Amino acid sequence: MPKKKILVVGSGAREHALAWKLLQSPSVGEIVVAPGNAGIAGIARCVPVSVDDVPGLVALARSEAIDLVVVGPEAPLVSGLVDALEAAGIAAFGPRREAARLEGSKAFAKEIMREAGVPTAGFAVFDDAEAAEAYVREAGRPLVVKADGLCAGKGVVVAKDTAEALEAVRAMMRERVHGDAGARVVIEECLVGPEVSYHVVCDGTRYVPLAAAQDHKRLLDGDRGPNTGGMGAYSPPPVVTPEIERAILSRVVEPVLETMRARGTPFRGALFVGVMVVDGAPQVLEFNVRFGDPETEVLMARWGGDVLPLFDAAARGDLGGIAPAWDAPHALAVVLAAHGYPTAPRKGDRIEGLEAVREVPGVVAFHAGTRASGGGLETAGGRVLTVTAIGASLEEAAERAYLACDRIRFDGMQLRRDIGWQARRS
Ligand code: AMP
Ligand code: GLY
């Protein structure tokens, strides 16, 4: 069989992990990444086309005679990249625009959850600031205020009291700090419990369950400090018992896929269910229509088989016969972030020690914000590297990951020392 040529869209550690895993496939001939980064350039050919440039990506896929496009980030999915690729006759892994609304609009996601009977926090949707404010005053208890549209992970305020909730409504709806994404808000009940990420790969009808993972959103140890894009992850988290996993599949994934299919907008691609475990049962916080970052790094590290048939079959609507293929029982990833992350990450700090990481068994350093400079590497974004380790136990994965982190240096480097704490405490 002729080998396949794959285009991966994105420039983070998630895309590095996807390209790295795809390269292990005996059926993959070449990987092109748009736009990629300095680490990805070490394993694949990077082409400087931005993830927002839908016509540019279609033209690239055409001129390179790409067999399958794997889309990393949500923004191009929400703006219709997969529709445009398919219209050009190019297969793509990821949902079309209508199905990507599960992430693109929080009000739409809640509507689908209600229709599908998915357990989720009670909510109300507002297009009018005055009505939203009246609702908040009336409620008089902690609420969560969410901008409807995409806000790069910054559109959610968990308000501890009425004043904070009112301030969030004002900022989103009146000041439009997130632009049009805040013209509509979802206000929901505040839930409390451990959070987990659950990924499934879908073909519109069927799905292949991947594993649960747990992200660490806060900057500092002990889940303190500001929210970030994610400071580390591990898989599997023991809080997701087989019973909870079954509930996520039967009460969330299956009814949502069925509802989307019945509406004529079947969901294909990676569905990432953001779950809070409340009283031993899953409550859905959000859907993402793509792989998580840093969750993908631990999932790809654990995956043992050829990942191409999974993505390819999902894109072609035929997942029948594809089964999960786990190899490593545990994986843990630590994000190394730049000075000033998340508010004002500094660029241009020289990165040293990456060669020494190769000596640590079971470890791979996926690149995010890195760029080539004077024969070496320097920081070029907030999240710089995701140091990912596999292990026979979570402890072993953690030891290896931190051993590797300690060999890497750049000025202002920030990392959490407690990734996996919820599972490693005992
Ligand atoms: P989302 O983008 O909807 O997942 O929200 C971002 C973060 O806000 C989540 O990871 C949770 O930590 C928090 N969050 C969202 N919805 C709720 C809720 N209903 N109750 C408590 N926390 C929430
Ligand atoms: N790790 C959370 C996300 O990718 O949205």
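Fair warning: this is a prediction, and the values are worked out from it, not measured in the lab. (Residues numbered from 1 in each chain as written. Chains lettered and ligands numbered in written order. Predicted model: local features only at pLDDT ≥ 70, side-chain atom pairs only at ≥ 80, totals over all residues. Heavy atoms only, no water.)

*Asks:* I tried to follow the packing of aromatic side chains on my own but got confused; where do I start?
*Replies:* Two descriptors summarise a pair of aromatic rings, namely the distance from one centre to the other and the angle between the planes of the rings. Scanning the model with the defined rule gives six aromatic pairs in all. With a centroid separation of 5.8 Å and 55° between ring planes, the pair formed by phenylalanine 291 and phenylalanine 311 is classed as tilted. You can see phenylalanine 291 sitting in the loop between strand E16 (281-288) and helix H10 (295-302) and its partner phenylalanine 311 sitting in helix H11 (residues 308-315), a full 20 residues away along the chain. Classification of phenylalanine 291 by relative accessible area gives buried; the value is 4%. Members of the aromatic cluster, joined through ring pairs, are Phe93, Phe291 and Phe311. Lying over the aromatic face of phenylalanine 108, arginine 101 brings its terminal NZ or CZ to 4.3 Å of the ring centre. Above the ring of tryptophan 326, the side-chain terminus of arginine 302 is found at 4.9 Å from the ring centroid. (Phe/Tyr/Trp six-rings, centres within 6.5 Å; stacked < 30°, edge-to-face > 60°. Helix = DSSP H or I, 4+ residues; strand = E, 2+ residues; numbered from the N terminus. Buried < 20%, exposed > 50% of the residue type's maximum accessible area, 1.4 Å probe, protein only. Lys NZ or Arg CZ within 6 Å of the ring centre and 35° of its normal.)

*Asks:* Could you clarify how one ought to interpret the site of ligand 2 in this entry?
*Replies:* Taken together, the neighbourhood of ligand 2 is formed by Asp215, Lys217, Phe272, Asn288, Arg290, Gly292, Asp293, Pro294 and Glu295. Between glutamate 295 and ligand 2, the recorded distance is 2.7 Å, taken from a side-chain N or O atom to a nitrogen atom. (Near = heavy atom within 4 Å. Polar contact = N/O pair within 3.5 Å; in protein donor to acceptor, adjacent residues only side chain to side chain.)

*Asks:* How should I be thinking about the packing of helix H1 (residues 13-23) against H10 in this particular structure?
*Replies:* When two helices pack together, their arrangement is given by the angle between the helix axes and the distance between those axes. One way to put it is that H1 packs onto H10 with a least axis distance of 8 Å and a crossing angle of 15°. Relative to H10, the element H1 lies roughly parallel. Where H1 crosses over H10, the two elements pack in a sense that is left-handed. Contacts from Ala13, Arg14, Ala17, Leu18, Trp20 and Lys21 of H1 reach H10 at Thr296, Glu297, Met300 and Ala301. Here the residues of the contact of H1 with H10 sort into six nonpolar, one polar and three charged. (Axes fitted to C-alpha atoms, helices over the stretch in contact; angles between N-to-C directions. Parallel < 35°, antiparallel > 145°, perpendicular 65-115°, else oblique. Left-handed = near helix turned anticlockwise from the far one by under 90°. Contact = heavy atoms within 4.5 Å. Nonpolar A, V, L, I, M, F, W, Y, C, P; charged D, E, K, R; others polar.)

*Asks:* Is there a simple way to explain unusual backbone geometry in this structure?
*Replies:* Most peptide bonds take the trans configuration, and most residues that are not glycine carry a negative phi. Backbone torsion omega between serine 235 and proline 236 reads 0°, so that peptide bond is classified as cis. For proline 236, the location among the structural elements is in the loop between strand E14 (232-235) and helix H9 (242-262). One non-glycine residue, arginine 176, lies in positive phi territory at about 55°. Position of arginine 176 among the secondary structure elements: in the loop between helix H8 (162-174) and strand E9 (185-189). Backbone geometry at aspartate 279 places phi at a positive 50°, although glycine is not the residue there. One can find aspartate 279 in the loop between strand E15 (268-278) and E16.

*Asks:* Quick question: what am I supposed to make of the pattern of salt bridges here?
*Replies:* Two side chains bearing opposite charge may form a pair once their charged atoms approach each other closely. Applying the stated criterion across every chain, the model contains 35 salt bridges. In this structure, arginine 400 engages glutamate 396 in a salt bridge whose closest nitrogen and oxygen atoms are separated by 3.6 Å. Note that arginine 400 and glutamate 396 are positioned in helix H13 (residues 394-405) at a spacing of four residues, about one turn of the helix. Glutamate 396 sits in the partly exposed class, given a relative accessible area of 28%. Salt bridges sharing common partners tie together Lys5, Glu30, Arg45 and Glu64. (Salt bridge = Lys/Arg side-chain N within 4 Å of Asp/Glu carboxyl O.)

*Asks:* Before we go on, may I ask you to explain the site of ligand 1 in this structure?
*Replies:* Taken together, 15 residues lie near ligand 1, and Glu188, Glu189, Leu191, Glu195 and Glu286 sit nearest. With respect to ligand 1, the side chain of lysine 146 contributes an N or O atom lying 2.8 Å from an oxygen atom. A distance of 2.4 Å separates an oxygen atom of ligand 1 from a polar atom in the side chain of glutamate 195. Here ligand 1 loses 86% of its free accessible area of 470 Å² to cover by the protein chains. Residue assignment for the shell around ligand 1 shows that the elements contributing at least two residues are strand E7 (143-147), strand E8 (156-159), E9 and E16. Classifying every residue of the shell around ligand 1 by side-chain character gives eight nonpolar, no polar and seven charged. (Areas by Shrake-Rupley, 256 points an atom, 1.4 Å probe, with all protein chains shown as cover.)

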